[in-house]
Amino acid sequence: MADRIGNEPSELTGHLDPGLSRWLWLAKWILVIPHYIILALLWVAFLVVTVAAGFAILFTGRYPASLFQFTVGVLRWNWRVTLYAYGALATDRYPPFTLARSDYPAELDVAYPVKLSHWKVLFKSWLFALPQLLIVTALTGSVSSSSTASISVLSLLACIAAVILLFTGVYRLGIFDLLMGINRWTVRTITYAALMSDKYPPFRLDQGRARSSNEPCWVSHTCMMPTGATR
């Protein structure tokens, strides 16, 4: 498993494809409709599962493993669609329809908690997480980073990257780093608010793509830039 930034319970990585189409992003809002329909249903199930897990944690101090696997799968699916669509526009590979890991340039994982606090479950989602939720909402327009329903910092950055790509064929790495930071902050907040970790998320952007030392260079301050990408 790749190293997590600052030993955070959640890990989110994304690759910026080197040969992005100049125009495909104009049609992605149509192409991702099947995913958005399924994700709408999955997010409802995610909320139901989170409530059920909350009761289990309250009485046992453990998040049921099968439920945890499902919630991680929903976050993973959501992140793949986000990277493809208007949360990053960083790949033209169509996302797979699966909750499981896949060979895709977006990956997400959350460390399974061995033990969780019995009493924190009563306050994390609505009180402790409130400052983080307010920041994430301001950055993304919603807690789900794949949302495109409102104007936000995330959507504006993605729009700027798309316009530059349309006219120059170049995706600015600086913008990609910012988008990764915002999406990473979002996932950390969701992980905490959804009772998947007791570790309070930091107030920071972890920009760029996290990678372990033996992984290939795609997007990194110390790696060569891929063709068609520039700062």
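Since the model is a prediction, treat every value here as computed from it, not as a measurement.

Q: Residue-level account of a nonpolar patch on the surface, with values.
A: A contiguous nonpolar patch, built from Trp29, Ile30, Ile33 and Ile37 and spanning about 410 Å² of accessible area, is present on the exposed surface. Broken down by secondary-structure element, the contributors of at least two residues to the nonpolar patch are helix H1 (28-31) and helix H2 (33-60). Here isoleucine 33 shows up in helix H2. Overall, the relative accessible area of 38% leaves isoleucine 33 in the partly exposed class.

Q: So what's going on with helix H5 (residues 130-140)? Which residues, and what values?
A: By the burial criterion, the buried members of H5 are Gln132, Leu133, Val136, Leu139 and Thr140. Buried residues of H5, viewed axially, fall in a sector of 130°; they line one side. Exposed and facing more than 90 degrees away from the buried side of H5 are Leu134 and Ala138. The secondary structure elements touched by the buried residues of H5 are helix H4 (124-128), helix H6 (153-168) and helix H7 (173-193). Phi for glycine 141, located one or two positions after H5, is positive at around 90°.

Q: Account for the pattern of salt bridges, with residues named and values stated.
A: Going through the model one piece at a time under the given rule, you end up with 8 salt bridges. Notably, a salt bridge pairs arginine 76 with aspartate 109, separated by 3.8 Å at the nearest N-O pair. Highlighted residues: arginine 76 in helix H3 (residues 65-84) and aspartate 109 in strand S2 (residues 106-110), separated in sequence by 33 residues. The buried category is assigned to aspartate 109, whose relative accessible area is 8%. The closest approach of N and O atoms between aspartate 198 and lysine 124, which form a salt bridge, is 2.7 Å. Pair noted here: aspartate 198 is in the loop between H7 and strand S4 (229-230) and lysine 124 is in helix H4, with a separation of 74 residues, a long-range link. The network of salt bridges with common partners includes Arg76, Arg101, Glu107 and Asp109.

Q: Can you lay out H3 for me, pointing to particular residues and giving the numbers?
A: Relative to the 28 Å expected for 20 residues at 1.5 Å per residue, H3 spans 29 Å between its end C-alpha atoms, a close match to the ideal helical length. In terms of burial, H3 is a largely internal element, 15 of the 20 residues being buried.

Q: So what's going on with the packing of H3 against H7? Which residues, and what values?
A: Two elements in contact, H3 and H7, have axes separated by 12 Å at closest approach and are oriented at 160°. In this view, H3 runs roughly antiparallel relative to H7, as classed from their interaxial angle. Pair H3 / H7 crosses with right-handed handedness. Contacts from Leu75, Trp79, Thr82 and Leu83 of H3 reach H7 at Phe176, Met180, Asn183, Ile190 and Thr191. Among the residues forming the contact of H3 with H7, the class breakdown is 6 nonpolar, 3 polar and no charged.

Q: Lay out the confidence of the model for the protein with the relevant residues and their values.
A: Within the protein, residue pLDDT values average 87, and 83% of them lie at 70 or more. Note on residues 211-228: pLDDT under 50 across the span, and 36 contacts to partners over four residues away in sequence or across chains.

Q: Go over the pairing of S2 with me, naming the residues and quoting the values.
A: Regular strands show a simple pattern: their side chains alternate between the two faces of the sheet. The element S2 is largely enclosed, with a buried count of 5 among its 5 residues. Burial along S2 is two-sided: Ala106, Leu108 and Val110 and Glu107 and Asp109, pointing in opposite directions, are all buried. The pairing of strand S1 (residues 10-14) with S2 spans 5 bridges and is classified as antiparallel. Bridging across to S2, glutamate 11 finds its partner in aspartate 109.

About the criteria used
Residues numbered from 1 in each chain as written. Predicted model: local features only at pLDDT ≥ 70, side-chain atom pairs only at ≥ 80, totals over all residues. Heavy atoms only, no water. Patch = residues over 30% accessible without salt bridge, like charges linked within 9 Å, V, L, I, M, F, W, Y side chains within 5 Å. Areas by Shrake-Rupley, 256 points an atom, 1.4 Å probe, with all protein chains shown as cover. Salt bridge = Lys/Arg side-chain N within 4 Å of Asp/Glu carboxyl O. Helix = DSSP H or I, 4+ residues; strand = E, 2+ residues; numbered from the N terminus. Buried < 20%, exposed > 50% of the residue type's maximum accessible area, 1.4 Å probe, protein only. Arc of directions from axis to C-beta. Contact = heavy atoms within 4.5 Å. Expected span 1.5 Å × (residues − 1). Axes fitted to C-alpha atoms, helices over the stretch in contact; angles between N-to-C directions. Parallel < 35°, antiparallel > 145°, perpendicular 65-115°, else oblique. Left-handed = near helix turned anticlockwise from the far one by under 90°. Nonpolar A, V, L, I, M, F, W, Y, C, P; charged D, E, K, R; others polar. pLDDT = per-residue confidence, 0-100. Pairing = 2+ DSSP bridges.

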